[in-house]
Amino acid sequence: APSIKRVSALYVQNFGQVVEYEHRRGVAGLMDQEYDELTRDIFNQHRGTMLEVARGVFEFSEDLTNLFDKNLELAEVRGDLRHIQDVEASLDEFFTDRLTLRRNSCA
């Protein structure tokens with residue numbers, strides 16, 4: 001799904017920014033104003049992530065409908081399709097981790 005690819009790309013980009021900063025400034029640089037600004041900017045870039053992931057889930061559902069049947073009910077077949085269960089588990093983990101990170105960032 002294109003929306004999920006955009007979210008993934010943003011996370012990869014931001015991870016690279018943090019790693020590059022830490023290589024350049026070291027652990028001591030984590031207390032600098034520059035690092036605070038970097039993490040605040042990353043935080044703000046991810047404000048629309050929940051909506052983008054929800055859009056990705058919708059795109060995924062549409063793709064499945066196009067592949068299988070217009071009358072496909074995911075709730076009815078989810079137990080039979082391991083990939084659906086994997087997607088659900090990944091989304092649960094993603095949203096739990098994201099909520100925890102955002103909560104800790106605001107504290």
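Throughout, residues of each chain are indexed from 1 in the direction in which the sequence is written. Local features in a predicted model are, by the rule used here, given only for residues with pLDDT of at least 70; side-chain atom pairs are given and counted only at 80 or more, and totals for whole chains, interfaces and linings are based on all residues. As a rule here, side-chain values cover all heavy atoms of the structure and leave hydrogens and water aside.

**Observations regarding the overall build of the chain**
Worth spelling out the cut-off: Secondary structure elements follow DSSP: runs of H or I of four or more residues count as helices, runs of E of two or more count as strands, with numbering from the N terminus. Exposed residues in this analysis have more than 50% of their type's maximum accessible area, buried residues have under 20%, and partly exposed residues fall in between, with area computed by a 1.4 Å probe over protein chains only. Contact criterion: two residues are considered in contact whenever any of their non-hydrogen atoms come within 4.5 Å of each other. Here the Shrake-Rupley method, with its probe set to 1.4 Å, supplies the accessible areas, and only the displayed protein chains count as covering residues.
Along the chain, the regular secondary structure elements total five helices and zero strands. Ordered by position from the N terminus, the helices and strands of the chain form the series α-α-α-α-α. Within the chain, the proportion of its 107 residues that are buried is 21%. Nonlocal contacts in the chain, meaning residues at least 24 apart in sequence, comprise 64% of its contacts between residues at least 6 apart. Of the accessible surface of the chain, which amounts to about 8,000 Å², a share of 57% is contributed by carbon and sulfur atoms.

**Quick look at the nonpolar core**
Keep this limit in mind: We define the nonpolar core as a collection of buried residues of types Ala, Val, Leu, Ile, Met, Phe, Trp, Tyr and Cys that are connected through side-chain atoms lying within 4.5 Å of one another.
Within the largest apolar cluster, five residues are counted, these being V18, Y21, Y35, L38 and I42. In contact with L38, not counting residues within four places along its chain, are Q17, V18 and Y21.

**Examining the packing of helix α1 (residues 2–25) against helix α3 (residues 49–67)**
This is how it is decided: Throughout, an axis means a line fitted to C-alpha atoms (over the contacting stretch in the case of helices), and angles, computed between N-to-C directions, take values from 0 to 180 degrees. In the scheme used here, Gly and all other residues not listed as nonpolar or charged are polar, with Ala, Val, Leu, Ile, Met, Phe, Trp, Tyr, Cys and Pro taken as nonpolar and Asp, Glu, Lys and Arg as charged.
Orientation of α1 relative to α3, taken along the N-to-C sense of each, is 145°, at an axis distance of 7 Å. On the side of α1, the interface is formed by P2, S3, I4, R6, V7 and Y11, while α3 contributes T49, E52, V53, R55, G56 and E59. Looking at the contact of α1 with α3 residue by residue, the class counts come to five nonpolar, three polar and four charged.

**Observations regarding α1**
Just so we agree on the cut-off: For a helix, the expected span equals 1.5 Å multiplied by the number of residues minus one.
When the terminal C-alpha atoms of α1 are compared, their 35 Å separation across 24 residues agrees well with the 34 Å that a helix rising 1.5 Å per residue should span. Buried within α1 we find S3, V7, L10, N14, V18 and Y21. In this fold, the buried residues of α1 make contact with α2 (33–45) and α3. Of the residues trailing α1, G26 is marked for its positive phi of about 75°.

**Thoughts on the environment of L38**
Take L38: it is sitting in helix α2. Accessibility expressed as a relative area gives 16% for L38, which makes it buried. When the C-alpha atoms of L38 and N14 are compared, they prove to be 9.3 Å apart, with 24 residues separating the residues in sequence.

**Here we look at the side chain of E52**
Basically, it comes down to this: As used in this structure description, the phrase polar contact means that two N or O atoms lie within 3.5 Å; if the pair is within protein, one of them must be able to donate a hydrogen and the other to accept it, and residues adjacent in sequence are counted only when both atoms belong to side chains.
Looking at the element boundaries, E52 is found in helix α3. Among the polar contacts listed, one links the side chain of E52 to the side chain of R6, at a separation of 2.7 Å. Every residue in contact with E52, bar those within four places of it in the chain, is listed here: S3, R6 and V7.

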